[in-house]
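Report on the structure
Below are the chains, spelled out letter by letter.
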Amino acid sequence: MRWFLKTDILAGLLLIVISTLAAFEIRDLPLGTFRQMGPGMFPAIITGILGVFGLGQVVIGCLGHSRLVHFSLRKVAAVLGSIALFALTITRFGFVPAVSITLLTVSFGDTTMGARKLLLLCIVLPALIYGLFFLGLGLQIKPFTWRL
Amino acid sequence: MELLQNFAIGLDIALEPVNLFYCFVGVMVGMLVGVIPGIGPLTAISILFPFTFYLDPTTALIMLAGIWYGTTYGGSVASVLLNVPGTASNAVTCLDGYPMAQSGRQGVALMLVALSSFSGGTIGILLLIFFAPVIADAALSFAPADYFALMLLGLVAASSISEGSAFKGLAAVTLGILLGTVGLDIYTGTPRLMFERPELSEGIGLIPLAMGIFGVSEVISSMGPSSRNLGNPKRMSLRSMLPTRKDLSLAWLPILRGSSIGSFFGTLPGTGPIVSAFMAYAVEKRLSPTPERFGKGAVEGLTAPEASNNAADMTSFIPTLALGIPGSPTMALMMGALIIHGITPGPEMMTKEVDLVWALIASFWVGNLMLLVLNIPLVGVWVKILTIPTNLLFPAIIVFICIGSYMVSSSIFDIWVVLIFGLAGYGLRQLGIPVAPMLLGFVLGPMMEEQFRRAMLLSRGRLEVFADRPISLSILLLTAGILMWIAYSGFRRARKTRASMT
């Protein structure tokens, strides 16, 4: 049952899924004629081509041999989680806390990062950013704030 | 001559303190990025993009371009010293650069690399100066059908050269085009694929998209323990770095040949520094009366590819500036930068924004000169930098990405865009779908649609218009040829891997 987790085949399946979703989303757009193309015409052609590519890729995947896909959930969670936390904290708490939280969260994905280096980064980076953005480019983000 | 006059005006502007400063910043950052393997120019340019936002368009372009060709210089240092290419276009440099360094001629190798890079760059710039206006002139007689055909060729060619299967490259391009359709339709104002989000009315932002699919996904894949053995970097005196007369006599012809090859491939859509470097090496080996020296520290094997990739760096700008059609994903980013600053590249730009174009071209030469001068005394610094563990860099990169994307529009929405495309980029990479062509499709897609619609409007709905015009017909035939070749080699490769497994 794991055959569909092979990179080539999964890639093809993903493309088919994307093209289907897109086709569904644009289903109401008027196509128009070639002479007077409506907003839906070009996207429709593209989703069609994408679907064909997806099918072709699945065929290629079945004919050939590729490895099983490798997906590191830990790294993904660490990095994406850190970005999400940044988005949630930047306006509420200012950039110093946001940056620190981001740095800490990213380091969860990397087991080789020492605590001391991390702390150093938490101090150096916000200072650097303050200098670069606030003073250098005049950007208006608050270092510390409290707006829940 | 008008050309030289324009160049002089451009040089004037390029030498202004502000532009000089940012040129310097650009090439330094570029070298840094090039020296550190794992972070490529595409990632660096995407991340540093927002910082150029508040700058004057000319200055912004000068800096971004500096990063672009600076990385090639820096990448060669890593190739020679570590046998690890700093950027893909320096992969060939390892072949003869590393052995030469190993045999005790580290300094000479680095000096030769710097010299050939500079020569290649200069020749590329000369060609840029002479040909960009000529091509722009010719392009003024292009019809929408021709433009569409040319863009299509560029996309197909770019995906055929990209890493991995060309078929997936094409799929990536198509995906990129689809992403490009998001937003309000230009002609009718109808929302397309916007999922009820008004922030998407102008489409997905180029900067958050690029930062996500390149920067974030790169960090996710590369994060974790990495081992790099630097060996023992010795101090190098200036005398030990000087190449001998024999070295130079062996080097100058390969440099000329390499530069020509690089200039040619740089101009073509889809090919660039990487292909040029490989070709130049192959040509030198083929032409040499003593090919067995290659791979052991042959001067020709070192200088030709380096001259070639730097020449290609420069001439890559020709289609972007003169035609408004980027030949590679990085050029697409550059073009995106121009558009965001309100300038539309193309034949009109060459005549209307003369100052910007020529200042940019002049800055290339200034930047190349800076790199030549900086390369030599700073070698020790680069070597030190190579010892910084990359895992310190990655969290910092994420922070820069977050701040950068927030900075551009002060909207949290863009940060979420980065997040989503970071996930998407990582997923695509793991599935072997190359993300660089996707960016090209994203940038070119809307332009292609516009040209297609225009062509249809002018021809009153006749699809045959593409066959009517000789330019578009020949381009389309070429494109079809490449497509068939891609399909054929895709199936053949699949068969082969199957066969080798049984």
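Keep in mind that what you see is a predicted model, and the values were worked out from it rather than measured. (Residues numbered from 1 in each chain as written. Chains lettered and ligands numbered in written order. Predicted model: local features only at pLDDT ≥ 70, side-chain atom pairs only at ≥ 80, totals over all residues. Heavy atoms only, no water.)

We now examine the overall build of chain B. Scanning chain B from N- to C-terminus turns up 22 helices and 2 strands. Relative to the 2.2 N^0.38 estimate, which gives 23 Å for 502 residues, the radius of gyration of chain B is 22 Å and therefore close to what a compact globule would have. Looking at chain B as a whole, 61% of its 502 residues are labelled buried. Long-range pairs, those at least 24 residues apart, make up 78% of the contacts in chain B between residues at least 6 apart in sequence. For chain B, the accessible surface area stands at approximately 19200 Å², while carbon and sulfur atoms represent 66% of it. (Helix = DSSP H or I, 4+ residues; strand = E, 2+ residues; numbered from the N terminus. Rg over C-alpha atoms; globule rule 2.2 N^0.38 Å. Buried < 20%, exposed > 50% of the residue type's maximum accessible area, 1.4 Å probe, protein only. Contact = heavy atoms within 4.5 Å. Areas by Shrake-Rupley, 256 points an atom, 1.4 Å probe, with all protein chains shown as cover.)

Our focus in this paragraph is the overall build of chain A. A tally of regular secondary structure across chain A gives 5 helices and 0 strands. Within chain A, the fraction of its 148 residues that count as buried is 45%. Excluding contacts between residues fewer than 6 apart, the proportion of contacts in chain A whose partners are at least 24 apart in sequence is 63%.

A ring pair, where both rings are aromatic, is described by two values, the distance of the centres and the angle of the planes. Residue and element names in this part refer to chain B. All told, the structure shown has 12 aromatic pairs over all chains when counted by the stated rule. On the basis of an interplanar angle of 80° and a centroid distance of 5.6 Å, the ring pair of Tyr281 and Phe294 is categorised as edge-to-face. Placement of the pair is Tyr281 in helix H11 (residues 273-287) and Phe294 in the loop between H11 and helix H12 (299-315), with a sequence separation of 13 residues. The same class applies to Tyr281 and to Phe294, which are both buried. Between Phe317 and Phe364, the ring centres sit 4.7 Å apart and the planes meet at 40°, which makes this aromatic pair tilted. Here the residue Phe317 occupies a position in helix H13 (residues 317-323), and Phe364 occupies one in helix H16 (residues 354-375), the gap between them amounting to 47 residues. Assessed through its relative accessible area of 1%, Phe317 is described here as buried. Through pairs of rings, three or more aromatic residues link up here, namely Tyr69, Phe317 and Phe364. (Phe/Tyr/Trp six-rings, centres within 6.5 Å; stacked < 30°, edge-to-face > 60°.)

Before going further, it helps to examine unusual backbone geometry. Residues and elements named next belong to chain B. Unlike most non-glycine residues, Phe195 shows phi in positive territory, near 50°. By secondary structure assignment, the location of Phe195 is in the loop between strand E2 (191-192) and helix H8 (206-222). By relative accessible area, which is 54% here, Phe195 ends up exposed. With a phi close to 65°, Glu196 is a non-glycine residue in the positive phi region.

Let's shift gears to the environment of B:Leu428. Examined against the element boundaries, B:Leu428 turns out to sit in helix H19 (residues 412-430). The exposure class of B:Leu428 is buried, given its relative accessible area of 5%. Residues contacting B:Leu428, with those up to four places away along its chain left out, are A:Leu14, B:Leu175, B:Ile433, B:Val435 and B:Met438.

Okay, the interface of chain A and chain B next. Taken together, the 65 residues of chain A in the interface contact 65 residues of chain B. Roughly 6200 Å² of surface becomes buried between chain A and chain B when both sides are summed, with 82% attributable to carbon and sulfur atoms. Between chain A and chain B we count 1 salt bridge in total. Our count for the chain A to chain B interface comes out at 7 residue pairs in polar contact (both at pLDDT 80 or more). Those elements giving two or more residues to the side of chain A that touches chain B turn out to be helix H1 (7-25), helix H2 (41-63), helix H3 (73-93), helix H4 (95-107) and helix H5 (115-137) of chain A. (Buried area = accessible area lost by both parts, 1.4 Å probe. Salt bridge = Lys/Arg side-chain N within 4 Å of Asp/Glu carboxyl O. Polar contact = N/O pair within 3.5 Å; in protein donor to acceptor, adjacent residues only side chain to side chain.)

Attention shifts here to the pattern of salt bridges. Residues and elements named next belong to chain B. Overall, the coordinates contain 11 salt bridges over all chains when judged by the stated rule. Across the salt bridge formed by Asp185 and Arg453, the nearest N and O atoms sit 2.8 Å from each other. Taken together, the residues Asp185 in the loop between strand E1 (183-184) and E2 and Arg453 in helix H20 (residues 436-458) connect sequence positions 268 residues apart. Among the residues examined, Arg453 registers a relative accessible area of 6% and is labelled buried. A salt bridge links Glu199 to Arg197, with the shortest nitrogen-to-oxygen separation between them at 3.7 Å. Residue classification places Glu199 among the partly exposed residues on the basis of a relative accessible area of 39%. Taken together, the shared-partner salt bridges in this structure form one network comprising Asp185, Arg192, Glu449 and Arg453.

Turning our eyes to something else, we now look at H16(B). For H16(B), which comprises 22 residues, the first-to-last C-alpha distance of 31 Å matches the rise-based estimate of 32 Å (1.5 Å per residue) to within 8%. In terms of burial, H16(B) is a largely internal element, 17 of the 22 residues being buried. (Expected span 1.5 Å × (residues − 1).)

What follows covers the confidence of the model for chain B. Residue and element names in this part refer to chain B. Taken residue by residue, chain B gives an average pLDDT of 82. The fraction at 70 or more is 91%. Considering each helix and strand of chain B separately, the mean pLDDT is smallest for helix H9 (residues 238-241), with a value of 60, and largest for H19, with 91. pLDDT under 50 marks residues 229-233. Its contacts with residues more than four places away, or in other chains, come to 6 contacts. Prediction confidence for the complex, expressed as pTM and ipTM, is 0.81 and 0.87 respectively. (pLDDT = per-residue confidence, 0-100.)

What follows is about the nonpolar core. Counting 178 residues, the largest nonpolar core has A:Ile83, A:Val99, B:Ile204, B:Phe317 and B:Phe364 as the members making the most contacts within it. At 15 residues, the largest contribution of residues to this core is made by helix H5 (residues 91-139) of chain B. In this structure, A:Val99 is in contact with A:Phe86, A:Leu125, A:Pro126, A:Ile129, B:Val399 and B:Ile403, ignoring residues within four places of it in sequence. (Core = buried A, V, L, I, M, F, W, Y, C linked by side-chain atoms within 4.5 Å.)

So, on to empty space enclosed by the protein. Residues and elements named next belong to chain B. Here the structure, examined in full by the defined rule, presents 2 cavities of 30 Å³ or more. What the largest cavity holds in volume is close to 40 Å³. Around the largest cavity, the lining comprises 11 residues; the ones closest to its centre are Leu110, Met111, Ala114, Asn375 and Val379. Those elements giving two or more residues to the lining of the largest cavity turn out to be helix H4 (57-82) and H5. A per-element tally of the lining of the largest cavity places H5 first, with 4 residues. Across the lining of the largest cavity, the residue classes tally to 9 nonpolar, 2 polar and no charged. (1 Å grid on protein atoms, 1.4 Å probe; cavity = no way out; pocket = protein on both sides within 12 Å on 5 of 7 lines; lining within 4 Å. Points joined across faces, edges and corners; volume = space filled by probe spheres on them. Nonpolar A, V, L, I, M, F, W, Y, C, P; charged D, E, K, R; others polar.)

It is worth spelling out helix H1 (residues 2-14) of chain B at this point. All names here are of chain B. Here H1 is 13 residues long and its end C-alpha atoms lie 18 Å apart, about the 18 Å a rise of 1.5 Å per residue gives. Within H1 the residues assigned to the buried category are Leu3, Asn6, Phe7, Gly10, Ile13 and Ala14. Along the long axis of H1, the arc covered by the buried residues comes to 120°, so they all point the same way. Set apart from the buried face of H1 by more than 90 degrees, the exposed residues are Leu4, Gln5 and Asp12. (Arc of directions from axis to C-beta.)

Right, let's get into the side chain of A:Thr105. Residue and element names in this part refer to chain A. Topologically, Thr105 is positioned in helix H4. Here Ile101 takes part through its backbone oxygen, which lies 2.5 Å from a polar atom of the side chain of Thr105. Leave out the neighbours within four places in its chain, and Thr105 touches Ala78, Gly81, Ser82 and Leu85.

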